[in-house]
Amino acid sequence: ELGIAESIVAIMIVGLSVDYCVHLGHMFTLAGKNEGYKKKIDRFHFAALTMGPTVLAGGATTLGAGVFLFGCQITFFNKMGVLLTMTVCCSLFFSLFFL
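If you're wondering where the values come from, they're calculated on a predicted model, not measured in any experiment. (Residues numbered from 1 in each chain as written. Predicted model: local features only at pLDDT ≥ 70, side-chain atom pairs only at ≥ 80, totals over all residues. Heavy atoms only, no water.)

Colleague: When you look at the overall build of the chain in this model, what are you seeing that I'm missing?
Modeller: Broken down by element type, the chain carries three helices and zero strands. A globule of 99 residues ought to have a C-alpha radius of gyration of about 13 Å, yet the chain, at 16 Å, is considerably larger. Referenced to the eigenvectors of the C-alpha coordinate spread, the extents of the chain come out at roughly 50 × 25 × 20 Å. When burial is assessed residue by residue, the chain has 25% of its 99 residues classed as buried. Put simply, 57% of the contacts in the chain that link residues at least 6 apart link residues at least 24 apart. Both charge centroids of the chain, one from 6 positive and one from 5 negative side chains, sit 16 Å from each other. (Helix = DSSP H or I, 4+ residues; strand = E, 2+ residues; numbered from the N terminus. Rg over C-alpha atoms; globule rule 2.2 N^0.38 Å. Buried < 20%, exposed > 50% of the residue type's maximum accessible area, 1.4 Å probe, protein only. Contact = heavy atoms within 4.5 Å. Lys, Arg positive; Asp, Glu negative; His and termini not counted. Charge placed at Lys NZ, Arg CZ, Asp CG, Glu CD.)

Colleague: Hey, could you run me through the packing of aromatic side chains in this one?
Modeller: The geometry of an aromatic ring pair is captured by the separation of the ring centres together with the interplanar angle, meaning the angle of the planes. Under the criterion given, the structure shown has six aromatic pairs. On the numbers, 5.5 Å between centres and 80 degrees between planes, the contact of F93 with F94 is edge-to-face. With a centroid separation of 5.4 Å and an interplanar angle of 45 degrees, the aromatic rings of F93 and F97 are classed as tilted. In this pair, F93 and F97 both sit in helix α3 (residues 75-97), four residues apart, roughly one turn of the helix. Judged by relative accessible area, F93 falls into the partly exposed class, the value being 41%. Within the aromatic cluster, the residues linked to one another by ring pairs are F93, F94, F97 and F98. (Phe/Tyr/Trp six-rings, centres within 6.5 Å; stacked < 30°, edge-to-face > 60°.)

Colleague: In this structure, what is going on with the side chain of R43? I would like to understand it.
Modeller: Assignment of secondary structure puts R43 in helix α2 (residues 40-68). Despite its burial, R43 remains without a salt bridge, the nearest opposite charge being carried by D42 at 8.1 Å. Setting aside residues no more than four positions away along its own chain, R43 makes contact with F28, A31, G32, Y37 and K38. (Salt bridge = Lys/Arg side-chain N within 4 Å of Asp/Glu carboxyl O.)

If you want it as structure tokens, here you go:
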């Protein structure tokens, strides 16, 4: 049965899982329009160099927040920590290596 806690976490997971991909994709698009890069590899390098550190920093801070939730005694926060760290790890991995 899907409870209130799982519903809240499911909504948050959707936003967290696409956040990094959207940031990198937006910068990839801007590289072609505003910066004048024509080749895909040049646009990728521009997006990775300009938005990559920001994406990694955002992922690190979110991971840090999730790790602190592991020690909670309340089940909701413990579940939230596990789901948060797993989502951020997978999202960072796929956005930086498969996008």
